[in-house]
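Each chain is listed here by its residues.
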Amino acid sequence: MSSMTSYPIYRDPDTAIGCRTVDEQERSLLRRVLDRIADHCRARSLFVLHYCTGCGAIELPPSMTSRFDLERVGMQPMVTPRQADILLITGYLSVKTLKRVILTYEQMQGPKYVMGFGSCTINGGMYWNSYATVKRLQEYIPVDMYIAGCMPRPEAIQQGFLQLIERIDSGRATAWQDYYRRYDWYLGNQQAMFGEQFQTPTDVIAEARHYALASAETTGRHTALLEQQLQQAALMPVGPGRAAGESQ
Amino acid sequence: MSEAQLPAPLHAVFDEITGVIFKRQGARRLRVDIDADRLPTLLALLKGRAGYLHLSAISCVDWPQDSEFELVYHLGSYETQVMVAAHIRIPRAASRYLSVYDIHIPAGFFERDIHEMYGIEFEGSPNMTPFILTEWQGPPPMRKDFDTLGYVNQHYSWQQYDPQWLRELEARGGGLVE
């Protein structure tokens, strides 16, 4: 009975299953096969979160309802970001809404996909010379696919969804990984828009490590600012004194 | 349109105050042009004598060629059922005016908005802190001398879109027209 306690603790559950050491090559192959099966299943069951910022929301009911019926391809609207797979940005983004989009995006669990609807998300659309409208969405969050049009018709939306499904199925819709790999660049663009104080409640760097996607570009000049703020916040007194400091 | 067609309570108001130019713009619309220093008196009189309890909006127009801002106070009354739009002009250089918060409380929001968008300071308004714009460091963006495209070029980058078919079209003398 005493030998029970001396079992080694397996750090990696994948290698522990077979009770033998699996070499890296074999493991990555197994993982790839499993990922392909998962991708195949995932592509047929997608929950869609609509971030209806602009007129694009009008084109979605016809896409969802009986005539075009998105449920045929396994897509359904979802109410919360935490349970959604696809984030639809349906229309122009002002600087103010972009902040909310980033917060929403970071709440979603990987793998996650972003679709930009209409010319507004591509290049500002008809608000191309507006001081308050964001021009290129992919500078702030990774975008898998844009659907051109002002607004795109339900047929175009359908086509876009089918292409996205095909990309997910073949494992090519990997834009979300880019957010973890190059978080510093995305954060830099976000900071350029919202000021150097900008930070979100999500610990993206820790998530990147969790997904084993952290690279040399995950951290950098801009994430260093985040850490500085964190240290300063840690030194601040908790309570009313801190609240007063934050409001300034 | 003659003065005789005005509802009686409005008559009473315009008898009290001088220097008012009014113009009937429809069955239920009246435009009033007035000196800037008489406007608070007019609003108070309208509120007290003609039931203009509702200030639905304050709008602002920038007239750079006249070096003036135009402020329009839109008022409604359930008593007379005539909308009154009171127009005033204030000098652009000073860009200061009095708050009418003490007469109409919702004016606080409109004045805060105009302050942010046009840079007009309202004396006596309860709150002049930034309102709608997010992290804005530029000049008031609704002024006509604000260079929107210049700001956009400085702060955003454009999507590159240069497909083969567009290049061919441009080589034939076609393409996008500015």
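Reference entry: report on the structure contained in this document. (Residues numbered from 1 in each chain as written. Chains lettered and ligands numbered in written order. Predicted model: local features only at pLDDT ≥ 70, side-chain atom pairs only at ≥ 80, totals over all residues.)

1. With respect to the overall build of chain B
Our working definition: By definition, any uninterrupted DSSP run of H or I lasting at least four residues is a helix, any uninterrupted run of E lasting at least two residues is a strand, and each is numbered from the N terminus. The exposure scheme places C-beta atoms from the backbone and then counts, for each residue, the other C-beta atoms within 10 Å of its own, assigning buried at 20 or more, exposed at 12 or fewer, and partly exposed in between. Each residue gets a C-beta atom placed from its backbone, and two residues are in contact if those atoms lie within 7 Å.
Along chain B, the regular secondary structure elements total 5 helices and 7 strands. In chain B, the succession of helices and strands from N to C terminus is α-β-β-α-β-β-β-β-α-β-α-α. Dimensions of chain B, computed from C-alpha atoms along their principal axes, come out at roughly 70 × 35 × 30 Å. Taking all 178 residues of chain B together, the buried fraction comes to 22%. Of all intrachain contacts in chain B linking residues separated by at least 6 positions in sequence, the fraction that spans at least 24 positions is 54%.

2. Description of the sheet that holds strand E2 (residues 29-33) of chain B
Residues and elements named next belong to chain B. Stated formally: Strands were regarded as paired on the criterion that DSSP finds at least two bridges between them. Throughout, an axis means a line fitted to C-alpha atoms (over the contacting stretch in the case of helices), and angles, computed between N-to-C directions, take values from 0 to 180 degrees.
Taken in spatial order, the 5 strands make up an open sheet running E1-E2-E5-E4-E3, and their pairing is mixed. The sheet terminates laterally at strand E1 (21-26) and strand E3 (54-63), the two strands that pair on one side only. Here the strands of the sheet are splayed against their neighbours by 20 degrees on average, with no regard to which way each runs. Both E1 and E2 contribute to a ladder of 5 bridges, which runs antiparallel. Bridging from a neighbouring strand, Lys 23 pairs with Arg 31 of E2. On the sheet, helix H3 (residues 107-118) packs against E3 and strand E4 (68-76) and is oriented at approximately 15 degrees with respect to E3.

3. Section: helix H4 (residues 95-107) of chain A
Residues and elements named next belong to chain A. To keep it simple, the criterion reads: In this analysis, the expected span of each helix is defined as 1.5 Å times one less than the number of residues it contains. This arc is taken over the directions from the axis of the helix to the C-beta atoms.
With 13 residues, H4 should reach 18 Å at 1.5 Å per residue; the first-to-last C-alpha distance of 19 Å fits that figure. Listed as buried for H4 are Thr 97, Leu 98, Val 101, Ile 102 and Tyr 105. Mapping the buried residues of H4 onto a view down its axis gives an arc of 150 degrees, with all of them on the same face. Here the buried face of H4 lies against strand E1 (46-51), strand E3 (86-90), strand E4 (113-117) and helix H8 (183-194).

4. Points about the interface of chain A and chain B
Inclusion rule: Under this grouping Gly is polar, as are all residues other than the nonpolar Ala, Val, Leu, Ile, Met, Phe, Trp, Tyr, Cys and Pro and the charged Asp, Glu, Lys and Arg.
Listed by partner, the interface residues are 12 residues for chain A and 11 residues for chain B. Elements that contribute at least two residues to the side of chain A that touches chain B include exactly H4 and helix H5 (118-123) of chain A. Tallying contributions element by element places H4(A) first for the side of chain A that touches chain B, with 3 residues. A per-class count over the side of chain A that touches chain B returns 4 nonpolar, 4 polar and 4 charged.

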